[in-house]
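# Remarks on the overall topology
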Amino acid sequence: MRSSEFFGHRIGTPVSTIRDHADILHGHWPDLDDDRRRLAVDTIARQARQLDDTVHEVLTMVAVDAG
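The text that follows walks through the structure, step by step, so that each part is easy to find. (Residues numbered from 1 in each chain as written. Predicted model: local features only at pLDDT ≥ 70, side-chain atom pairs only at ≥ 80, totals over all residues. Heavy atoms only, no water.)

This paragraph deals with the overall build of the protein chain. Helices and strands together make up the secondary structure of the protein chain, namely two helices and zero strands. Scaling as 2.2 N^0.38, a compact globule of 67 residues should have a C-alpha radius of gyration of about 11 Å, whereas the protein chain reaches 15 Å, well beyond that. When its C-alpha atoms are laid out on the principal axes, the protein chain stretches across 50 × 20 × 15 Å. Within the protein chain, the proportion of its 67 residues that are buried is 18%. Partitioning the intrachain contacts of the protein chain with sequence separation of at least 6 by distance along the chain shows that 56% fall at a separation of at least 24. Summed over its atoms, the accessible surface of the protein chain is roughly 5000 Å², and 58% of this surface lies on carbon and sulfur atoms. (Helix = DSSP H or I, 4+ residues; strand = E, 2+ residues; numbered from the N terminus. Rg over C-alpha atoms; globule rule 2.2 N^0.38 Å. Buried < 20%, exposed > 50% of the residue type's maximum accessible area, 1.4 Å probe, protein only. Contact = heavy atoms within 4.5 Å. Areas by Shrake-Rupley, 256 points an atom, 1.4 Å probe, with all protein chains shown as cover.)

This is how it looks when you write it as structure tokens:
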């Protein structure tokens, strides 16, 4: 797997998960119980941290490559 494919997956997956869970919360808030809301928010937070880690990793690699 090329690094572009690897990082594409590592960036795309959290973004999709964040978007999907935000859409669920937005579209179904009144129908969701507190546990389901909490699970969705926790998932968004976890995926945002993962995305942040990946972005920092990419930026570090770019800085090292730039010399």
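On to the side chain of Gln47, then. Relative to the elements of secondary structure, Gln47 occurs in helix H2 (residues 34–66). Each residue touching Gln47, except ones within four places of it in the same chain, is listed here: Thr13, Pro14, Thr17 and Ile18.

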